[in-house]
Amino acid sequence: MRSLFTIAIVGLILFALPGVAIFAADLAGYEVEVNGWLESRFGVSHHVAVTLPAAMVLFCVPPLIILLYFLRLRRKPISVSSTYLWKKSIEDLHVNRLMQWLRRNVLLLLQLLGAFALIYAALGPRLHGSVTGGRYYILLVDNSASMSATDTAPDRLTWAKLQAIREIEAATDGDFGMVIAFNSTAEILQSYTNDRGALKAAVAQIQPTRKPTRIDEALGLAASLANPEKSSENEATAPANPEPGKERTYVPIEGISADVHLYSDGKFPSPDFALANLNLNYHTPPGANPTGTANNLAIARIDIDRGWQKAPPDDVENAADDPTPSVNDRDADDTTKLTVAVTVRNYRAVVADKLKVRLELLDGDGELRKSYSRTLRLNSKAEQAARGKTVYFYLPDVPEGSDLILHAKLEAANDIFPLDDEAWAVLGIVRKAKILVVSPDNNFLLRAVLDSPAQKKIANVTYLPPSVLTDAKLYLAPARDGKWDLIIFDRCGPDSEDRMPSANTLFIGYPPPPFLPTGTDVRSVRPVKFPSVQGALDRHPIMQNLRGLYDIGIDESFRLPELPGGTLKLMEAANGHVLLAGIPRRSFTDLVLCFAILTADENWNTRWPLEPSFVLFLRNIVMNFGNVRDAGHEESTLPGQEKVLHPGGVKQITVQKPSGTRKTFERGTRPDFAFTDTTEIGIYTATWTDGNGDNATHRFAVNLFPQGSHDESDLAPINEVKIGAQTIVADKPRKQPRDLWKLAVLAGLVVLMAEWWIYNKRVQI
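Bear in mind the structure is a predicted one, so any value in this text is a computation, not a measurement.

Caption draft 1: Focus on the overall build of the chain. A count of helices and strands for the chain gives 16 helices and 34 strands. Across the 765 residues in the chain, those meeting the buried criterion constitute 46%. Per element, the accessible surface of the chain, about 39,500 Å² overall, is 54% carbon and sulfur.

Below you can see the structure in the form of structure tokens.
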């Protein structure tokens with residue numbers, strides 16, 4: 001029994017030593033270093049869960065227990081004859097065995113064991129499933145549209161939030177975390193903090209959106225602290241106004257290394273981004289299909305053409321009450337008939353048979369006027385064409401200018417992503433461009449083009465002489481209020497920047513301010529004789545389909561000075577001489593044609609107006625810079641994308657979202673309205689009162705259509721993503737940590753109960 005008691009004493013001491021050593025290190029200020037060592041070797045960490053004074057008192061409890069046993073009251077010894085002769089032997093025994101007084105004190109051992117258990121509980125030990133090893137961590141949570149897919153129960157976003165909360169719970173109070181939610185944009189929901197409660201609250205408030213996925217801005221926010229572009233200490237140390245070419249770094253840039261945990265399905269374009277101090281860990285929803293397929297069907301686009309002009313596929317079944325028009329009935333020139341093409345894609349690994357596509361024709365109030373249906377068979381994702389399959393609907397009696405809405409939907413799709421099972425379109429109501437031409441009366445060539453019947457269908461043109469440019473009523477006030485969409489200045493222009501209009505402009509043979517100083521005659525600008533076109537930016541919308549530009553003859557042009565950043569050089573001559581430039585000005589563009597069409601004495605300066613490309617050139621300008629809407633359909637907008645509205649001189653508009661909520665906007669100093677709250681899918685209605693007191697309406701649709709190579713409906717999670725030059729492979733999320741202090745408290749309670757039982761039974765060794 002003696003050996004067992006000795007072993008118990010030694011074990012108790014060994015049990016106490018780690019806690020004493022860790023507590024001593026904490027008092028010395030080495031808690032973070034100790035935690036790093038414990039996590040790297042044993043996968044555990046700790047944090048004293050009580051205040052420092054309370055911890056000191058707790059650690060004094062075991063010595064006090066032992067001291068009380070030394071000082072406890074003993075009975076006065078009385079010598080009797082039967083024991084007197086053994087007194088010296090008993091004293092020798094006490095001297096030789098220093099722990100003799102503890103031989104039968106099992107209660108003391110249990111009390112010390114219970115005290116040590118409570119001490120370990122106060123140290124807050126935790127067992128980790130895996131290790132991050134960094135003091136700073138950033139949680140990037142994707143809440144784009146594809147994260148609403150339900151293949152991971154209940155949906156991918158909920159899974160991502162749970163995993164992010166686990167990562168927060170795995171951190172210690174010495175770690176600092178940040179929470180960023182991203183879709184097409186990014187937002188910091190919680191900046192760096194070691195308050196795990198605040199971090200978990202930030203994650204919990206993340207809501208799903210209908211926006212597509214872009215990670216560029218999120219990475220930029222994450223890197224703003226990890227990879228600073230400048231050192232504040234260096235800026236404070238460096239001398240002011242250093243000599244050009246001799247700048248140097250006095251204090252080097254020091255970033256903050258951070259572990260970035262990205263919770264996403266990877267449905268974003270690969271960004272050109274350098275991670276630098278960011279250690280990216282990519283976590284994707286479980287259950288990704290290795291074949292790259294997903295249980296999803298989607299409407300990919302809606303196209304509308306006037307007239308009946310397209311033949312349907314052979315494997316599309318029409319409803320009995322909606323027959324396909326015969327060849328004789330098709331008429332591409334009848335603008336009262338519509339051909340609506342709905343493109344559908346299958347992302348499944350199996351064929352989608354008997355899929356019904358329904359098209360509803362609604363009036364402006366949303367009331368159903370006519371319904372059409374088609375039934376088709378879609379091959380699997382691997383077998384179908386990249387563009388999917390298109391079904392055609394033929395609608396009669398839809399005159400131009402009709403205020404109608406089209407709603408396409410897939411019936412009984414039964415997929416994991418209902419958001420793309422429907423799409424909307426607004427039939428275009430013709431909006432003519434409002435154009436002002438400020439020109440001398442002798443430019444008959446310009447009038448011949450702008451007053452042609454074809455141009456009158458898309459533009460209303462007003463002509464004023466150059467003398468009005470200083471008139472507040474005729475020019476200055478309406479130009480600043482955005483009355484016109486496009487102003488053409490022919491051989492004239494405002495004499496200062498504060499008289500420039502709130503509109504796009506075309507300067508013909510005259511430089512805009514500030515390129516022509518106030519009071520300077522344009523003839524004093526250095527002329528260039530007989531320039532010839534050497535290059536043209538034919539990708540730009542106003543330069544498309546222009547032929548024969550290299551053959552146009554020009555007698556004289558002027559030379560623009562150094563152009564500002566962002567200027568488009570649309571047409572150039574030899575030696576870099578710019579003949580046509582697009583100069584940005586706030587939200588507008590100033591097109592500058594550096595040669596006149598007619599001279600002041602009515603002589604031809606160029607023969608370009610005799611070419612068909614000149615007529616097309618002016619039409620392209622009117623269509624692209626005059627805010628023209630033709631009679632097709634209103635272009636669809638992506639969720640989160642800015643929609644620019646041009647009511648023309650109106651100071652206030654009201655926009656109703658698909659959910660029915662309304663919001664009124666003031667125009668401010670801009671000539672148009674930039675509506676950015678396109679967070680819902682469906683039809684938006686903008687209303688306003690024009691200058692004549694009449695109510696006007698403009699509807700537009702927001703759809704989750706693919707944009708370029710990015711397809712939000714292709715839901716198969718991506719197991720590896722490319723960030724800059726690095727390829728990041730998805731790994732397993734950190735396992736849930738286990739708090740060991742709860743076990744320590746339980747052990748202390750068990751010891752306390754054992755002590756109580758032994759005390760009552762008077763059990764002795």
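Caption draft 2: Focus on the packing of helix 8 (residues 156-169) against helix 9 (residues 196-204). The contact between helix 8 and helix 9 brings their axes to 10 Å, and the two run at 175 degrees. In this view, helix 8 runs roughly antiparallel relative to helix 9, as classed from their interaxial angle. Contact with helix 8, carried on its side by K161, A164, I165, I168 and E169, involves R196, L199, K200, V203 and A204 of helix 9 and no other residues of that element. Class assignment of the residues belonging to the contact of helix 8 with helix 9 gives a composition of six nonpolar, no polar and four charged.

Caption draft 3: Layout of a nonpolar patch on the surface. On the surface, a nonpolar cluster with roughly 370 Å² of combined accessible area is contributed by V10, I13, L14 and L17. Of the residues examined, V10 reaches a relative accessible area of 43% and is grouped as partly exposed.

Caption draft 4: Layout of the pairing of strand 3 (residues 136-142). With six of its seven residues buried, strand 3 lies for the most part within the structure. Both strand 3 and strand 4 (residues 176-182) contribute to a ladder of seven bridges, which runs parallel. What sits directly across from Y136, in strand 4, is F176. Remark: the strand 3/helix 8/strand 4 crossover connection has right-handed handedness. Here five bridges tie strand 3 to strand 6 (residues 258-263), and the two strands are oriented parallel to one another. Across the sheet, the residue bridging to L139 is H261, located in strand 6.

Caption draft 5: Here's a closer look at the sheet that holds strand 25 (residues 588-593). In spatial order, the strands read 17-16-18-19-25-24-23-21; together these eight strands make up an open sheet with mixed pairing. Sheet topology places strand 17 (459-464) and strand 21 (535-536) at the edges, where each strand pairs with a single neighbour. Note: strand 24 (residues 578-585) against strand 25, six bridges, orientation antiparallel. Residue I583 lies in a different strand from strand 25, and its bridge partner there is D590.

Caption draft 6: Focus on the pattern of salt bridges. Counting across every chain of the model gives 14 salt bridges. D303 is paired through a salt bridge with R301; the nearest N and O atoms lie 2.6 Å apart. Members of the salt-bridge network, linked through shared partners, are D151, R156 and D265.

Caption draft 7: Highlighting the nonpolar core. Ranked by internal contacts, the top residues of the largest apolar core, which has 38 residues, are I488, M543, W608 and F617. Among the elements that take part in this core, helix 15 (residues 612-625) stands out by supplying six residues, more than any other. The contacts of F617, once residues within four sequence positions are left out, are I542, M543, L546, L580 and W608. Ranked by size, the runner-up nonpolar core spans 29 residues in total, among them V344, V357, V391 and L406.

Caption draft 8: Examining helix 9 more closely. Every buried residue of helix 9 is listed here: L199, A202 and V203. Considered in projection along helix 9, the buried side chains sweep an arc of 100 degrees and stay on one side of the axis. Where helix 9 is buried, its residues meet strand 3, helix 8, strand 4 and strand 5 (186-193). With a side-chain oxygen positioned 3.0 Å from the backbone nitrogen of G197, the residue opening helix 9 is D195.

Caption draft 9: View of the environment of M147. With respect to the secondary-structure elements, M147 resides in the loop between strand 3 and helix 8. The sequence separation of M147 and N183 amounts to 36 residues, and the corresponding C-alpha distance is 9.7 Å. In this view, M147 contacts D142, D155, R156, L157, A160, Y263, S264 and D265; residues no more than four positions away in its chain are not counted.

Caption draft 10: View of unusual backbone geometry. Geometrically, the link from A153 to P154 is a cis peptide bond, its omega value of -10 degrees lying close to zero. Counting through the fold element by element, P154 comes out in the loop between strand 3 and helix 8. That bond from P513 to P514 is cis: its omega, 10 degrees, falls within 30 degrees of zero. Its place among the elements puts P514 in the loop between strand 19 (504-508) and strand 20 (527-529). For A412, which is not glycine, the phi dihedral falls at a positive 55 degrees. One can find A412 in the loop between strand 14 (404-411) and strand 15 (422-426). Its identity as a non-glycine residue notwithstanding, N575 has a phi of 60 degrees, on the positive side. Within the secondary structure, N575 sits in the loop between strand 23 (568-572) and strand 24.

The rules behind each value
Residues numbered from 1 in each chain as written. Predicted model: local features only at pLDDT ≥ 70, side-chain atom pairs only at ≥ 80, totals over all residues. Heavy atoms only, no water. Helix = DSSP H or I, 4+ residues; strand = E, 2+ residues; numbered from the N terminus. Buried < 20%, exposed > 50% of the residue type's maximum accessible area, 1.4 Å probe, protein only. Areas by Shrake-Rupley, 256 points an atom, 1.4 Å probe, with all protein chains shown as cover. Axes fitted to C-alpha atoms, helices over the stretch in contact; angles between N-to-C directions. Parallel < 35°, antiparallel > 145°, perpendicular 65-115°, else oblique. Contact = heavy atoms within 4.5 Å. Nonpolar A, V, L, I, M, F, W, Y, C, P; charged D, E, K, R; others polar. Patch = residues over 30% accessible without salt bridge, like charges linked within 9 Å, V, L, I, M, F, W, Y side chains within 5 Å. Salt bridge = Lys/Arg side-chain N within 4 Å of Asp/Glu carboxyl O. Pairing = 2+ DSSP bridges. Right-handed = clockwise from strand over helix to strand, strands pointing away. Core = buried A, V, L, I, M, F, W, Y, C linked by side-chain atoms within 4.5 Å. Arc of directions from axis to C-beta. Polar contact = N/O pair within 3.5 Å; in protein donor to acceptor, adjacent residues only side chain to side chain.

Shape is all these values report; function is a separate question.
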